[in-house]
Amino acid sequence: MKIRRLHYPNGLRGKLLKLTGPIFLETLLILTLGVVDTLMLSHYSDNAVAAAGVVNQLLNMVFLLFNVTAVGTSVMCALYFGAKDTKSFTQVVGVSLLFNAIIGIIISALLTFGGKQMLVWMDIRPNLMPMAVTYMQIVGGFGFFQAISFTVSAVLRAANKPNYAMQVTCLINIFNIIGNYSLIYGHFGFPEMGIQGAAISTSVCRGLGMLFLFFVLFKRLIHRMPLAYFRPFPFDKLRDVLKVGMPSAAEQISYDAAQVCVVYFINMLGNEVLTARVYIMNIVIIGYIFSLAMASATSVCTGNLVGAGKKQAAYILSWYAWKRSLMITFVASMGVYLCGRFLLGCFTENESIIKIAMSALLIDVFLEHGRATVLMFLFCLRSVGDVVVPVLIEIVCMWVFAVSFGYFMGIALGLGLAGIWVGLALDESSRGVVLALRWRTQKWKQRNLIR
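Here we summarise the structure given alongside this text. (Residues numbered from 1 in each chain as written. Predicted model: local features only at pLDDT ≥ 70, side-chain atom pairs only at ≥ 80, totals over all residues. Heavy atoms only, no water.)

**A closer look at the packing of aromatic side chains**
Both the distance between ring centres and the angle between the ring planes are used here to describe each pair of aromatic rings. Under the criterion given, the structure shown has 20 aromatic pairs. With 4.3 Å between their ring centres and 10 degrees between their planes, W439 and W444 make a pair best called stacked. Relative accessible area serves as the criterion here: at 1%, W444 is assigned to the buried category. An aromatic cluster of at least three residues, connected via ring pairs, comprises Y315, W319, W322, F377, W439 and W444. A cation over a ring is seen here: K445 above Y315, with NZ or CZ 5.4 Å from the ring centre. (Phe/Tyr/Trp six-rings, centres within 6.5 Å; stacked < 30°, edge-to-face > 60°. Buried < 20%, exposed > 50% of the residue type's maximum accessible area, 1.4 Å probe, protein only. Lys NZ or Arg CZ within 6 Å of the ring centre and 35° of its normal.)

Structure, rendered in structure tokens:
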């Protein structure tokens, strides 16, 4: 059966590409927020970059708790949207927003009052500690903005309306650039605040983004949310969301915990290596961002198709999307490596940092192919509710290769950042193979998340 013969509005390929474009731009703009902060701080202080980089690694791990609901929300909404079950769709949105808002407020309070202790556990250098604490308390303290925004954005994607989230993110990027310029360097009558200014700008912009997304959600998608839908409270919908979200969040938390260990190893190698790692993470997004967008769009299509009872169509579409993802990833990652010196030069003139980073960028070409495969089949398996077994296998792979082997190559053998990157590449590649094989078995076709 060929994809173009499948009976689906506008064709599956057209639907996939129509979703991929806005998701690609939205993801690019979200990641650009971090790049802009790093780029603008790099012209203020390399130490500020290192401090913000360590804090953001910790915050990313903590914020993954929000995905307990966001991932489950995306999956269940996509299924109910495909099944055209408006009532269940609305119930999932309501319970998810309430749950993530509560979790977000609790986590924000913990980061505000316990963030310094987390940085102490990371053994961050004394000269970075004051800046890191300031950044942690401000950005972490308003983390609940992210909790709610994640949920609304997931709903819009599941309902095939990612263009609205993209437009909101574009506005926020513009505001963030203006805010950073004003508060980091002290322009337009504002004092020069350095890393504190970057933190304030980021938090304010995330708050505005949350408000804009709320407006779009209730203006363009859910015109009313009847209280009758929530009497009695639909605990079954919350249970379904958590059933998918909790294993997925466990995998992401494990991944970020492994990355924190990797950052700890890099921190042992010195400030220059730590700073090089931050710069690398900000430029390799060019290499994998398309595969991330393609995987997200494919998971939405998969959920919609499975909800409509078209499981074979979802299976065929996934392999088509994977092949296209690998092609683009190869071109993009090679381009990043070939232009690596120029891109790194936008952040720093320190030749030592550039040399360290270039050695890891070559290995990153291989890493990105593994990551593209992981993203594609992980998202597809999530969209059909097959999460537990893949998560367990993934956790083993990341701690064996990314952490243990990375330490052995980078620290024990003395290969530095390049050795650690070898461990990361092996981790992504092994997980990609396992997930692809799991998807290929088609055991997920026996599952039915919605009634």
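**Section: the nonpolar core**
Ranked by size, the top nonpolar core spans 69 residues in total, and within it L119 and L417 carry the most contacts. Counting residues per element, this core draws most heavily on helix α2 (residues 46-63), at 11 residues. Among the nonpolar cores identified, the runner-up in size contains 66 residues, and L79, L97, F290 and L305 belong to it. (Core = buried A, V, L, I, M, F, W, Y, C linked by side-chain atoms within 4.5 Å. Helix = DSSP H or I, 4+ residues; strand = E, 2+ residues; numbered from the N terminus.)

**Details of helix α9 (residues 235-268)**
Structurally, the α-helix is built with 3.6 residues per turn, so residues lying three or four positions apart point the same way. An ideal rise of 1.5 Å per residue puts 50 Å on 34 residues; α9 measures up with 47 Å between its terminal C-alpha atoms. The largest bend in α9 comes to about 30 degrees, at G245, with the proline P247 one to four residues further on. G270, located one to two residues past α9, shows a positive phi value of around 115 degrees. (Expected span 1.5 Å × (residues − 1). Bend = angle between axes of the 7 residues up to and from the residue.)

**Focus: a nonpolar patch on the surface**
The grouping of L171, I174, F175, I178, Y181, F188, F190, V204, L208, L211 and F212 at the surface amounts to a nonpolar patch, some 1,000 Å² of accessible area in total. At the level of secondary structure, the elements contributing two or more residues to the nonpolar patch comprise α7 (162-185) and α8 (195-221). Of the residues forming the nonpolar patch, the biggest block, 5 residues, is contributed by α7. For L208, the location among the structural elements is in helix α8. On the accessibility criterion, L208 (30% relative accessible area) is partly exposed. (Patch = residues over 30% accessible without salt bridge, like charges linked within 9 Å, V, L, I, M, F, W, Y side chains within 5 Å. Areas by Shrake-Rupley, 256 points an atom, 1.4 Å probe, with all protein chains shown as cover. Salt bridge = Lys/Arg side-chain N within 4 Å of Asp/Glu carboxyl O.)

**A short note on unusual backbone geometry**
Omega for the bond connecting R231 with P232 falls within 30 degrees of zero, at -5 degrees, which places this linkage in the cis form. Topologically, P232 is positioned in the loop between α8 and α9. At K84, a position not held by glycine, the phi torsion is positive, near 60 degrees. For K84, the position within the fold is in the loop between α3 (67-83) and α4 (86-121). Unlike most non-glycine residues, Q442 shows phi in positive territory, near 65 degrees. Structurally, Q442 can be placed in the segment after α16 (416-441). Residue class for Q442 comes out partly exposed when judged on its relative accessible area of 25%.

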